[in-house]
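Letter by letter, the chains look like this.
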Amino acid sequence: MAKRSACLFTILRRHKNPNRSKKREEVMENPSMINGSDYFHFLKQKEVTQKPSMEVPTSPMIHGIESQKPNDLSREKSNIIENHNFSNGLDSWHANCCDAFLSVQETRPKSCKHHAVVTNRSQNWQGLEQDITHKISSGSTYTVCARVGVSGTKLQGNAEVIATLKREYQHSGTKYYNIARTTVSKGKWENLEGTFVLRDKPDRVVIYLEGPNPGVNILIESVLVFPHDKILPCVYTADDNIILNPDFEEGVNNWSGRGCKIAVHASMGDGKIIPKSGKFFASTSERTQSWNGIQQDISGKVQRKLAYEVTAFVRIFGNNVTSSTVRATLWVQTPDSREHYIGIANTQATDSDWVQLQGKFLLNGSQSKVVVYLEGPPPGTDILVDGFIVKHAEKTPPSPPPVIENPDYGVNIITNSNLSDGTNGWFPLGNCSLNVVTGSPHILPPAARDTLGPHEPLSGRCIHTTNRTQTWMGPAQMITDKVKLFVTYQISAWVRLGPGASGPQNINVALGVDSQWVNGGQVEISDSNQWHEICGSFRIEKQPAKVMVYIQGPAPGVSFKLAGLQIFAVDRQARFRHLRRQTDKIRKQDVTLKFPIPDSSSMYPTMVIVKQIQNSFPVGSCISRTNIDNEDFVAFFVKNFNWAVFGNELKWYWTESQKGNLNYQDADDLLKLCDDNNISARGHCIFWDVDNTVQDWVKNLNKTDLGAAVQNRLTSLLYRYKGKFKHYDVNNEMLHGSFYPSRLGQDIRANMFKTANQLDPSATLFVNDYHVEDGCDTRSTPEKYISQILDLQQQGAPVGGIGIQGHIDSPVGPVVCSALDKLGCLGLPIWFTELDVSSTNEYIRADDLEVMFREAFAHPAVEGIMIWGFWELFMSRENSHLVDAEGEINVAGNRLLELKKEWLSHSHGHVDDKGEFCFRGFPGTYEVIVVTDGKKTVKKFVVEKGDVPLVVPINP
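Just so it is clear, the structure is predicted and the values come from calculations on it, not from any experiment. (Residues numbered from 1 in each chain as written. Predicted model: local features only at pLDDT ≥ 70, side-chain atom pairs only at ≥ 80, totals over all residues. Heavy atoms only, no water.)

Draft legend 1. The arrangement of the overall build of the protein in detail. When helices and strands are tallied, the protein shows 15 helices and 48 strands. Burial status across the protein gives 54% buried among its 956 residues. (Helix = DSSP H or I, 4+ residues; strand = E, 2+ residues; numbered from the N terminus. Buried < 20%, exposed > 50% of the residue type's maximum accessible area, 1.4 Å probe, protein only.)

Right, dumping it as structure tokens:
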């Protein structure tokens, strides 16, 4: 007892501040809180002795830290909170109009563990605080992590504990910001985690814990606040936000309903719905259209060419709708009375809790009116909003290059891949059966051979999976510790169906990355008598807790075999060296500059300097009508691209959204920009065969009227732009949709090509589809694309080109090249028509882009590359831009410019005694500087694409 008495519950100090006001003026700001990771690992329960005079935590409430990871220790070292775990009693801590004491328990002999108990609380906002004024800096992001509990005789059910930041200003009063909140029940400890950013520098900054009802004790085991490496928009000042009355403290002032009514509430739903922060929130009512919502006019408050960030908390209510998309949208009117809409953000809102809606927008041109509003849920469902921020967006710091140590290129990370040790390392996912049998191929699948080169034979053994009762059942293996972040992995395997399958079956190599499914490649198989190759790729960019690879897909009851599964890191630089050599052979040609024979009074030039000004290989980009109001966008576009494609402005749903109301003005404006700058244009697209891209009025037509509408569309578009577009995508994505054949018959597709060719014979007519090149979509394999093209040609369709869209993730060169080789057998020109790559890291994005450009440029069948945009906020995919919203070129953008510079040919030397200067160069426009007798002469010449050496006469 003598040893334990030193560590029993002891009141070390009581803190009380009688001069502190017992009430505060609530000036709560709308948070943009992002919860952190689970930084603590509480593994084991501890025992505690109770203090007789008040309720204290019982043993199930106390969870000590049994062990600590290195990252936890580093966070503790950077922690700005003094005495964060109360090892020095309550030093540096102050009770806010309440009492606090220290509770101590023995965890092992001669060792004690502490936690603070905040008691005698008469207001929700009373708690324990610490002044951190001189320990934080403006502009930095901080993560808050605390371990909290609750107790007390007045505790009923659960209680909410809140971490709050108080900011005091000498001239503008005090402001409060809720960093994070968590719900705690009696007998439990919970993590309280969140982040905040200090955008200004207050005179005083205090962090404290508060929240439970009066009479409920707050228990605090530890509090950590440490700098975070990513800027997040969590705290804002009134001066930053251009929205008036953002927290609805002035009712509905400055707000209005967009086709509906709005109101302000302190609570709804019999008190079950309360504000996310502050005192009030707003709601809509009597919505009869999905676009009805709450809005505010922000005309004159936003500047063109500046990026703005929108943040709000939203939820839905009523009409028995539990989940629906809520969108933030900008309605813009230009000085010439044009109207357009800009989608800012969307989120899946529920009727049970607040969710954050966050996004960005940029206005390219001058605007006469700008309105921001919320919309989306079905009619009759109310939109609720708590806090609304529109402010100039912080620039995202450039991502550093990832550090990749020992990537082990080409090394298979699968354990017991050759099955020499039975099924060791493998396990059945589900209650299926795994057995090792023989009879599989001894050679690597082709895509793996292309990457790895010569390789030892496979074992001939395979896993036979039987007794499958679900599609996802199959062999699996954990590879968590073998996968490195930001490394691109190639997947290769042989698979074969067992007997008894009815109809085509998909077999898929999948990865379970925590709770996310990742497609590692798949194949569709219709027979059981031969082996088929699966190839694909993946990359992980966030540290996962677990990674599992498994093979799945066929219908329940269908067995399958797996052989030679390979997952290996890809050495892109080695591939690039090969592609440079290939490019030199395929794209360059021999050029001879022929100079006239000098007479007796002259001589041959003493020096020739050849410089290529422009490569004629088509490299283009997608552009939109709103883009060309931004002169910075236009400058980058016309300087770096020689082809264009319009994002939406030529599509039928854009040019005739309502029957008979034609809009060609946007396309005319874009085409004029191209003509003025000698830029060629692709026509995308005449039709689109995917059902959800077709206008409602077209869907509602009967067969006769639909056939007439199709003919009118062809005639109207191609007659108007005859000779203007060099290409047309006739019917987009026919491998993924069949709207027109399902209504007009199978010959309609071929007839579209025939009619288009009759109306504009000068245009090359393309098919166009996606996921043809990456092995991840069984609907659009190269083989199926080839079959579709041949079928169209057999029906007389003048198919003149193959479009591969190129929306690709984690590209692997040999996989892409394999698809190009197969399609190249048709003898038609191949274009990448909508290329984009996506990665959170700009260096990885740049590498992906380089993979695609080098593979395309080194392949003889590829005759052009179109990227699907380059400007941030005007891309179809997140993290795919090359230029940020305000015009700064990022790492990926610079990589593209470096490639274009690499693909310019330069040479210099002397003219030989035959009057010739020979070099090898890319087709395009050149400048030659001729130095004769100390005088310089500059000439221009053009190298046309050809298969034979070119002789270019250079006359003085």
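Draft legend 2. The arrangement of the packing of aromatic side chains in detail. Counting across every chain of the model gives 31 aromatic pairs. Residues W652 and F687 carry aromatic rings whose centres are separated by 5.7 Å and whose planes lie at 80 degrees to one another, so their mutual orientation is edge-to-face. With a gap of 35 residues between them, W652 in helix α6 (residues 652-655) and F687 in strand β37 (residues 680-688) connect regions that are remote in the sequence. Note on accessibility: W652 and F687 belong to one class, buried. Taken together through their ring pairs, the aromatic side chains of F633, F636, F637, F641, F870 and W871 make up a single cluster. Positioned over the ring face of Y169 is K175, at 5.8 Å from the centre of the ring. Its end group placed over the ring of W354, R315 keeps NZ or CZ at 5.4 Å from the ring centre. (Phe/Tyr/Trp six-rings, centres within 6.5 Å; stacked < 30°, edge-to-face > 60°. Lys NZ or Arg CZ within 6 Å of the ring centre and 35° of its normal.)

Draft legend 3. Structural view of the nonpolar core. Counting residues in hydrophobic clusters, the biggest one holds 103 residues, and the most contacted among them are L593, Y728, Y740, F853, F870 and F941. If sequence neighbours within four positions are ignored, Y740 has contacts with W652, F687, W688, D689, V694, L706, V710, N731, G745, I748 and M752. In terms of nonpolar packing, the next biggest core, distinct from the first, is built from 40 residues, F86, V144, A163 and V225 among them. (Core = buried A, V, L, I, M, F, W, Y, C linked by side-chain atoms within 4.5 Å. Contact = heavy atoms within 4.5 Å.)

Draft legend 4. Here's a closer look at the packing of helix α4 (residues 572-587) against helix α14 (residues 842-857). Here α4 crosses α14 at 35 degrees, and the two axes come no closer than 9 Å. The handedness of the crossing between α4 and α14 comes out as left-handed. Residues R572, R575, F576, L579, R580, T583 and R587 of α4 form the contact with α14, whose own contacting residues are I844, D847, D848, E850, V851, R854, E855, A856 and F857. (Axes fitted to C-alpha atoms, helices over the stretch in contact; angles between N-to-C directions. Left-handed = near helix turned anticlockwise from the far one by under 90°.)

Draft legend 5. Quick peek at unusual backbone geometry. Following H684, the chain continues to C685 via a peptide bond in cis, the omega torsion being -10 degrees. For C685, the position within the fold is in strand β37. Positive phi outside glycine occurs at N83, with the angle close to 55 degrees. Looking at where N83 falls in the secondary structure, it is placed in the loop between α2 (70-78) and β3 (94-95). Given the relative accessible area of 11%, N83 is considered buried. Even without glycine at this site, K305 takes up a positive phi of about 70 degrees. For K305, the location among the structural elements is in the loop between β16 (293-297) and β17 (307-317).

Draft legend 6. Spatial organisation of the sheet that holds strand β22 (residues 382-392). Strand order in the open sheet made by the 5 strands is β14-β15-β22-β17-β20, with antiparallel pairing throughout. Across the chains shown, the open sheet's two edge strands, defined by having one partner strand only, are β14 (261-265) and β20 (355-362). Here the strands of the sheet are splayed against their neighbours by 30 degrees on average, with no regard to which way each runs. In this sheet, β22 lies alongside strand β15 (residues 281-285) in antiparallel orientation, the contact comprising 2 bridges. Following the sheet pairing, S283 is matched in β22 by L384. (Pairing = 2+ DSSP bridges.)

Draft legend 7. Local environment of the environment of F560. As for its placement among the helices and strands, F560 is situated in strand β32 (residues 560-569). Residues F560 and L497, 63 residues apart in the sequence, show an inter-C-alpha distance of 4.4 Å.

Draft legend 8. Region of interest: the sheet that holds strand β27 (residues 489-497). The sheet built from 5 strands is open, its strands ordered β24-β25-β32-β27-β30 with antiparallel pairing. The sheet is open, and its two edges are formed by β24 (433-438) and β30 (532-538), each paired on a single side. Within this sheet the neighbouring strands show an average axis-to-axis angle of 30 degrees, counted without direction. As paired elements, β27 and β32 share 8 bridges and run antiparallel to each other. Its bridge partner being in β32, R496 is matched across the sheet by K561.

Draft legend 9. Structural view of the packing of helix α13 (residues 813-824) against α14. Two elements in contact, α13 and α14, have axes separated by 10 Å at closest approach and are oriented at 35 degrees. For the crossing formed where α13 meets α14, the hand is right-handed. Here G813, P814, V816, C817 and L820 of α13 come into contact with α14, specifically with V851, M852 and E855.

Draft legend 10. Layout of helix α9 (residues 703-720). Along its 18 residues, α9 runs 26 Å from first to last C-alpha, staying within 8% of the 26 Å computed at 1.5 Å per residue. Of the positions making up α9, those classed as buried are L706, A709, V710, R713, L714, L717 and L718. The buried residues of α9 occupy an angular sector of 135 degrees when the element is viewed end-on, so they sit on one face. Facing away from the buried side of α9 by more than 90 degrees, the exposed set consists of T704, N712 and Y719. (Expected span 1.5 Å × (residues − 1). Arc of directions from axis to C-beta.)

Draft legend 11. Up close: the confidence of the model for the protein. In the predicted model, the protein carries a mean pLDDT of 88, and the fraction of residues at 70 or more is 89%. In this model, residues 1-75 is a region of pLDDT below 50 whose contacts with residues beyond four sequence positions or in other chains number 199 contacts. In this model, residues 107-111 is a region of pLDDT below 50 whose contacts with residues beyond four sequence positions or in other chains number 5 contacts. (pLDDT = per-residue confidence, 0-100.)

Draft legend 12. Layout of the pattern of salt bridges. Here the structure, examined in full by the defined rule, presents 40 salt bridges. The salt bridge partner of E82 is K135, with a shortest N-O separation of 2.9 Å. Here E82, found in the loop between α2 and β3, pairs with K135, found in the loop between β6 (128-131) and β7 (141-151); they are 53 residues apart in sequence, far enough to count as distant. With relative accessibility at 40%, the residue E82 sits in the partly exposed group. A salt bridge links K594 to E916, with the nearest nitrogen and oxygen atoms 3.3 Å apart. (Salt bridge = Lys/Arg side-chain N within 4 Å of Asp/Glu carboxyl O.)

Draft legend 13. Structural view of the side chain of R895. One can find R895 in helix α15 (residues 891-902). By relative accessible area, R895 is classed as buried at 16%. A distance of 2.8 Å separates polar atoms of two side chains, one belonging to R895 and the other to E850. Excluding residues within four positions of it along the chain, R895 makes contact with Y843, A846, D847 and E850. (Polar contact = N/O pair within 3.5 Å; in protein donor to acceptor, adjacent residues only side chain to side chain.)

Draft legend 14. Inspection of the environment of F857 at higher detail. Within the fold, F857 resides in helix α14. Through-space distance from the C-alpha of F857 to that of F617 is 8.8 Å; in sequence the pair is 240 residues apart. Residues within four places of F857 in sequence aside, it is in contact with T583, R587, N615, F617, W903 and F922.

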